[in-house]
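Structural description and commentary
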Amino acid sequence: MTTESADVVIIGGGIIGMATAYYLAKLGSDVVVVEKGEIAGGTSSKCDGNILAIDKEPGFDSQMSLESQKLVSQLVMELDEEFEYRAPGSILVCESDEEMEAAEMWVNRQKEVGLPFRMLDRGEIRSEWKYMADDIHGGLECATDSTVNPVLLTYSMAVTAERLGARLKTHTWVTGIRLDPSGAVEGVETSSGLIRTKHVVNAAGVWSKPIAQMVGIEIPVEPRKGHILVSSRTESIGTRKVMEFSYLMSKFGKERKVDQLTEQYGVALVFEPTASQNFLIGSSREFVGFDMKINVDVIRCIARRAIRFFPVMKDIPVLRSYCGLRPWTPDHLPIVSRVEEVPGFYIAAGHEGDGISLAAITGKVMSECITGQETTISIEPLHYNRFKKEAGKR
Amino acid sequence: MRKSLRINHHPLLGEMDKKVISFTYNGEKLQGLEGEPIAVALLANHIRILRRHEESGSARGLYCGIGHCMECRVELLGKGQVRACLTPLKEGMEIREGSRLPNAITGRVDS
Ligand SMILES: Cc1cc2nc3c(=O)[nH]c(=O)nc-3n(C[C@H](O)[C@H](O)[C@H](O)COP(=O)(O)OP(=O)(O)OC[C@H]3O[C@@H](n4cnc5c(N)ncnc54)[C@H](O)[C@@H]3O)c2cc1C
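Residues numbered from 1 in each chain as written. Chains lettered and ligands numbered in written order. Predicted model: local features only at pLDDT ≥ 70, side-chain atom pairs only at ≥ 80, totals over all residues. Heavy atoms only, no water.

- As annotated in an unreviewed UniProt entry, chain B is Sarcosine oxidase subunit alpha from Croceifilum oryzae.

- An unreviewed UniProt entry lists chain A under the name Sarcosine oxidase subunit beta, from Croceifilum oryzae.

Structural data, given as structure tokens:
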């Protein structure tokens, strides 16, 4: 057992922890990352790589995504390794006139705040997507949406942070957080000894709740499972993201018109082509605890949904499938916050289905918050206080 | 004539008396036994290359033989990609080796 010290200790070597480490190291902080497994071994390697504004409400939600998109485009120059970044835009497709009407309202709301959204008619869809089902009514596009390989981005931030002086301790568990008599952070206890520090960032994703409990804080972060199918290499079906509009219908107070299993497993099409000549097909949304077993019924349901939009997929083999746990919060926004009751304790967790999109902005504002600078965007709406009354409720 | 690779009399499995049928591979007319895996029929015809890697173009063949590794994917007319090790041979099948493909995302077009 050894004792070392650091300006900041980050708990969790996922994309959020590594982004925080990178931006802090860039500001000259002495950073240690403590990760119980491998870098990106948690949810950050069991996901898609979408950096999306297309599905965000205009306002704070979309501003945060757009800022992060900008930062990621800069990371292409700043980081030491490539991470399959592209910004081809993304599209949502509609199955009915009712969805087309809602899509039009969505596009108009986005255009009002100056975002590069537009409707796509049947003809435009047809000419870009020769394999899309004939009965798709049309869709909409957000021209700036981008994509990355999330594992490569996490590793690229990790190696760059290391070059800037950060220390990464993998296969090391955080077992406790030591507070001084005034209740402020004074160290982090790990499976390989104590690290003295005045600042701790809880970036433990779906595992952030037990970390917060170590200092007596309750945060309502729960695992929300998602499955993804990996196709074999094949002739290109398309080069950018396609999602179905129907899963946004709830934002318009309308019900989705899908079969019972699709509803039960929360299945909605996400088509993500990759640089490896294949594509990923998602996804599902379920609250089933920390169970990481593949459920073949869910896989079948996702495949059925994908074939509904791309009939050609019935003849393309699936190589494998995987699942991950999204760090869900009740209002679907992350917690990016200092904790006033425990001076020196910070939370950067609960990014649910947007942790890849929001990693850059989260790391940046965390680094600014810890070093006492003004944050790039206001993080008041992300304060953990907003859950104080309803902690635990779903 | 090359030496046959088939075992016709097996001490435990007995006689191989399956029906001989015709199929094509890359346009070439070949014969195999009905119901045997495509990979086996091709091997009996001394064909070991089942696919060119879609990115690098390097040759690929039978690897695990039990449907797990996905290395033996061939193009079966009317069916798309199938695993040669798992797909039973039928009369008249038109099969092609899996080919190198352009990469629409990285922009690589050479073949
Ligand atoms: C199917 C699916 C698809 C998704 N698609 C997208 C997408 O397209 N775009 C997008 O933006 N987001 C997407 N997401 C969400 C995104 O993957 C997550 O929001 C993000 O990965 C969370 O990152 P994180 O760093 O908070 O968590 P993690 O990557 O899980 O990192 C937390 C780390 O903390 C470590 N840890 C936990 N406890 C301890 C301890 N006691 N001591 C030390 N270390 C500890 C864990 O080992 C883990 O590595 C998707 C998620 C899923 C499941």
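Moving on from the model shown.
1. A closer look at the overall build of chain B
- Counting secondary structure elements, chain B contains one helix and nine strands.
- Reading the secondary structure of chain B in the N-to-C direction produces β-β-β-β-α-β-β-β-β-β.
- Along the three orthogonal principal directions, the C-alpha set of chain B runs to about 55 × 30 × 25 Å.
- Taking all 111 residues of chain B together, 35% fall into the buried category. (Helix = DSSP H or I, 4+ residues; strand = E, 2+ residues; numbered from the N terminus. Buried < 20%, exposed > 50% of the residue type's maximum accessible area, 1.4 Å probe, protein only.)

2. Details of the pattern of salt bridges
Residue and element names in this part refer to chain A.
- The tally for this structure, following the rule as stated, stands at 38 salt bridges over all chains.
- A salt bridge links glutamate 141 to arginine 240, with the shortest nitrogen-to-oxygen separation between them at 3.0 Å. With glutamate 141 in strand S7 (residues 138-142) and arginine 240 in the loop between strand S14 (222-231) and strand S15 (241-244), this residue pair connects regions lying 99 residues apart in the sequence. In terms of burial, glutamate 141 and arginine 240 fall into one category: buried.
- Each of the salt bridges in this network shares a partner with another, and the network as a whole consists of Glu95, Asp135, Glu244, Arg256, Arg305 and Arg308. (Salt bridge = Lys/Arg side-chain N within 4 Å of Asp/Glu carboxyl O.)

3. Examining empty space enclosed by the protein
All names here are of chain A.
- Tallied over the entire structure, the rule returns two cavities of 30 Å³ or more.
- Here the largest cavity is characterised by a volume of approximately 120 Å³.
- Lining the largest cavity are 15 residues, with Ser236, Gly238, Thr274, Gln277 and Asn278 positioned closest to its centre.
- Its residues placed into classes, the lining of the largest cavity shows seven nonpolar, seven polar and one charged.
- Looking at the second largest cavity, its volume works out to about 40 Å³.
- Along the walls of the second largest cavity sit Met64, Pro334, Val336, Ile361, Thr362, Val365, Ile377 and Leu382, which together make up its complete lining. (1 Å grid on protein atoms, 1.4 Å probe; cavity = no way out; pocket = protein on both sides within 12 Å on 5 of 7 lines; lining within 4 Å. Points joined across faces, edges and corners; volume = space filled by probe spheres on them. Nonpolar A, V, L, I, M, F, W, Y, C, P; charged D, E, K, R; others polar.)

4. Quick word on the environment of Val185(A)
Residues and elements named next belong to chain A.
- Structurally, the position occupied by valine 185 is in strand S11 (residues 185-190).
- As for valine 185 and phenylalanine 287, which are separated by 102 residues in sequence, their C-alpha atoms are 33 Å apart.
- For valine 185, the residues in contact, after removing those within four places along its chain, are Ile177, Arg178, Leu179, Thr197, Lys198, His199, Val200, Val342, Pro343, Gly344 and Phe345. (Contact = heavy atoms within 4.5 Å.)

5. Here's the deal with the UniProt feature "domain: FAD dependent oxidoreductase" (unreviewed entry) in chain A
- Residues annotated by UniProt as "domain: FAD dependent oxidoreductase" (unreviewed entry) correspond here to residues 7-368 of chain A.
- Between the first and last C-alpha atoms of residues 7-368 of chain A the distance is 14 Å; the span itself is 30% helix and 25% strand. (UniProt positions renumbered as here; feature names shortened; annotations may be inferred.)

6. What about the site of the ligand?
Residue and element names in this part refer to chain A.
- Near the ligand you find 38 residues, and of these Glu35, Ser44, Asn50, Glu352 and Ser357 are the closest.
- A distance of 3.0 Å is found between a nitrogen atom of the ligand and a backbone nitrogen or oxygen belonging to valine 174.
- Mapped by element, the contributors of at least two residues to the shell around the ligand are helix H1 (15-26), S14, strand S18 (318-328) and helix H9 (355-370).
- It is S18 that contributes the most residues to the shell around the ligand, four residues altogether.
- The residue makeup of the shell around the ligand, split by class, is 14 nonpolar, 17 polar and seven charged.
- Of the domains in this structure, domain 1 (2-46 + 151-220 + 331-391) and domain 2 (90-142 + 222-328) are the two that each give at least three residues to the shell around the ligand. (Near = heavy atom within 4 Å. Polar contact = N/O pair within 3.5 Å; in protein donor to acceptor, adjacent residues only side chain to side chain. Domains from an automatic or database assignment.)

7. Quick notes on the side chain of Ser29(A)
- Take Ser29(A): it is sitting in the loop between H1 and strand S3 (31-34).
- Beyond its immediate stretch of four places on either side in the chain, Ser29(A) contacts Asp7(A), Leu24(A) and Thr371(A).

8. Topic: the sheet that holds S7(A)
Residue and element names in this part refer to chain A.
- Spatial ordering of the open sheet is given by S6-S7-S5-S15-S16-S17-S14-S18, a layout of eight strands whose pairing is mixed. The sheet terminates laterally at strand S6 (117-121) and S18, the two strands that pair on one side only. Direction aside, neighbouring strands of the sheet carry axes that sit 25° apart on average.
- Bridge analysis of S6 against S7 gives five bridges, and the strand direction is antiparallel. Its bridge partner being in S7, leucine 120 is matched across the sheet by glycine 139.
- Across the sheet, helix H3 (residues 97-112) touches strand S5 (90-94), S6 and S7, and the angle it forms with S6 is around 155°.
- Contacts from helix H8 (residues 296-309) reach S5, S14, S15, strand S17 (279-282) and S18 within the one sheet, and its direction differs from that of S14 by about 55°. (Pairing = 2+ DSSP bridges. Axes fitted to C-alpha atoms, helices over the stretch in contact; angles between N-to-C directions.)

9. A look at the pairing of S15(A)
All names here are of chain A.
- Side chains of S15 alternate between two faces, with Lys241 and Met243 and Val242 and Glu244 buried alike.
- Taken together, the four bridges between S5 and S15 define a ladder with parallel strand orientation. Bridge pairing in S15 places leucine 92 opposite methionine 243.
- As defined by bridge partners, S15 adjoins strand S16 (residues 270-273) across two bridges and the pair is classed as antiparallel. For methionine 243, the partnering residue across the bridge sits in S16 and is valine 270.

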